[in-house]
Amino acid sequence: AVVSTQSTGGSNRNRLAEETEEVLLDTNYLKHIVSDPIYLRPHSKTFLREAVNCDTAFLAAQSIIDYSLLVGVCGDKLVVGIIDYIRKFTFDKKVEMIFKTNMIGSAGKMPTIVSPEMYRERFYNQIERYFPLVPDRWTGMGSDLQYS
C-alpha cells in the first residue's frame, strides 16, 4: 500500500492542500522534505532525469502543459509517474500568460501559465530540487559527515 502521495507540478503558487487530503501538493511536499528528504542514489537520479526529460520533451512537442509528477512512497520504494497531461497550450492560455505577465504583474515571479517549453524547464528544475542525491564523501555533499 502506498503510504504517501504527492502531486508536484513545478509551481509553488496555490499548491498547498489540506494535510487530510489523500494527495498532497508541491508546498506540502516541500514542507515534508525539509525534515525528511527523499534522497536518491546517483544511478536512480540519472534514471529519473532521463525519464522526465524524455516524457516532458514529448509533452512539450504536443503543446501540453499543466502536468504533475505523482510521487508515491511505499516502505523504501519510490514510485513516480507523470499525470494530468491533458491541457494544451492553446491561444487562450497564451493570452492568459501574456496578460498575467504584463498587466497584472506577479511580483517578479513567473506566471503559473507558461509556454510548453518553459513549463517543461520549470518542471524539470523542480524535480531536481525535490530529489537530492544521497550525501556522500565522493561528491563533496555530506563532507562533514563522519564515516566509520
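Model, not experiment: these values are computed from the prediction.

### Digging into the pairing of strand 5 (residues 77-83)
The pairing of strand 4 (residues 68-74) with strand 5 spans 7 bridges and is antiparallel. Looking at the pairing, C74 lines up with K77 of strand 5. With antiparallel pairing between neighbouring strands as the criterion, strand 4 and strand 5 make up a hairpin whose turn holds 2 residues, including G75 at a positive phi of roughly 65°.

### Focus on the side chain of K45
Note that K45 resides in helix 2 (residues 42-61). One polar contact links the side chain of K45 to the main-chain carbonyl oxygen of F131, over a distance of 2.4 Å. Once you skip the residues sitting within four places of it in the chain, K45 turns out to touch L40, E128, F131, P132 and L133.

### A closer look at the pattern of salt bridges
If the charged atoms of two oppositely charged side chains come close together, the side chains can form a pair. Across all of its chains, the model carries 3 salt bridges by this definition. The salt bridge involving K45 is made with E128; its shortest N-O contact spans 3.8 Å. In this pair, K45 is assigned in helix 2 and E128 in helix 4 (residues 116-130), connecting sequence segments 83 residues apart. You can call K45 buried: its relative accessible area is 5%. A salt bridge links R49 to E128; the nearest nitrogen and oxygen atoms lie 2.6 Å apart.

How each quantity is defined
- Residues numbered from 1 in each chain as written.
- Predicted model: local features only at pLDDT ≥ 70, side-chain atom pairs only at ≥ 80, totals over all residues.
- Heavy atoms only, no water.
- Pairing = 2+ DSSP bridges.
- Helix = DSSP H or I, 4+ residues; strand = E, 2+ residues; numbered from the N terminus.
- Polar contact = N/O pair within 3.5 Å; in protein donor to acceptor, adjacent residues only side chain to side chain.
- Contact = heavy atoms within 4.5 Å.
- Salt bridge = Lys/Arg side-chain N within 4 Å of Asp/Glu carboxyl O.
- Buried < 20%, exposed > 50% of the residue type's maximum accessible area, 1.4 Å probe, protein only.

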